[in-house]
Amino acid sequence: MPVLYNSMISGNCYKVRLLAAHLGVELELREVSVTDRSDRPELLGALNPSLRVPTLVLDDGRPLGESGAILWYLGEGTRFVPADRYARAQVLQWMFFEQYEHEPAIAVARFLIAYSGLEREQYEKRLPRLHADGERALAAMERHLEGRAFFVGDEMTLADIALYAYTHCAEEGGFDLAPFPAVRSWLARVAAEPGHIPIP
Ligand SMILES: N[C@@H](CCC(=O)N[C@@H](CS)C(=O)NCC(=O)O)C(=O)O
């Protein structure tokens, strides 16, 4: 069974657990702290040069880092990756968007506020920029989702899984989703898909 170096509070790890649940792929979870990083070199040094989770280790021992790469590895050949070349590129468009425009703002604000254990005055100065960047990403999602059920085509793809992970818990990062009704409807649609699991 593949091993997932995992954190239950990490949205990046949740993406992998969510896809695995939809696909019926069993994973052995090894929990890694995202606040105490002192054991990262011993745990992950030989597996992932960035020393981050998620890191997946395949049955044959080959390791794979980066949530998007792991989603692609598990998802290729399944209903979560379209057959059409252009649609596949659109899935990647939204996965790259998630990593550059969305996660660095929304996930970081959420981590600082809800999980870092830091006093607010230690990170408060960073919040206006993170909130402005995150709101810009949410506005882009809102524009795209108006009149659409999912990010690419009519079915859920890896793009939805990648973007769902930190959007559904954005309020923990101080984001108000009220101005984004299409995003909220899409969140409900993703959560209603058979096989869905919470973060938890
Ligand atoms: N781009 C990476 C980001 C991974 C990442 O930031 N992982 C966090 C947990 S969500 C982590 O390991 N944080 C602790 C650290 O940076 O040492 C991905 O998508 O997998």
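Anything mentioned here points back to the structure above.
Residues numbered from 1 in each chain as written. Predicted model: local features only at pLDDT ≥ 70, side-chain atom pairs only at ≥ 80, totals over all residues. Heavy atoms only, no water.

Caption draft 1: Structural view of the environment of Q90. By the element assignment, Q90 lies in helix α4 (residues 85-115). Note on Q90: relative accessible area 22%, which makes it partly exposed. For Q90 and E26, which are 64 residues apart along the polypeptide, the C-alpha to C-alpha distance reads 28 Å. (Helix = DSSP H or I, 4+ residues; strand = E, 2+ residues; numbered from the N terminus. Buried < 20%, exposed > 50% of the residue type's maximum accessible area, 1.4 Å probe, protein only.)

Caption draft 2: Local environment of the layout of surface pockets. By volume, the largest pocket amounts to about 600 Å³. Forming the boundary of the largest pocket are 22 residues, of which N12, R52, V53, E103 and Y166 lie nearest the centre. Here the lining of the largest pocket takes 7 residues from α4, the largest share from any one element. Of the residues that constitute the lining of the largest pocket, the class distribution is 9 nonpolar, 6 polar and 7 charged. (1 Å grid on protein atoms, 1.4 Å probe; cavity = no way out; pocket = protein on both sides within 12 Å on 5 of 7 lines; lining within 4 Å. Points joined across faces, edges and corners; volume = space filled by probe spheres on them. Nonpolar A, V, L, I, M, F, W, Y, C, P; charged D, E, K, R; others polar.)

Caption draft 3: Seen up close, the packing of α4 against helix α6 (residues 127-145). Running from N to C, α4 and α6 point in directions that differ by 140°, and their axes come no closer than 9 Å. Overall, the two elements α4 and α6 adopt an arrangement that is oblique. Once α4 is placed against α6, the crossing between them reads as left-handed. Contact with α4, carried on its side by W94, F97, E101, H102, P104, A105, I106, V108, A109, L112 and I113, involves L127, L130, H131, D133, G134, R136, A137, L138, A140, M141 and H144 of α6 and no other residues of that element. Split into classes, the residues belonging to the contact of α4 with α6 amount to 15 nonpolar, 4 polar and 3 charged. (Axes fitted to C-alpha atoms, helices over the stretch in contact; angles between N-to-C directions. Parallel < 35°, antiparallel > 145°, perpendicular 65-115°, else oblique. Left-handed = near helix turned anticlockwise from the far one by under 90°. Contact = heavy atoms within 4.5 Å.)

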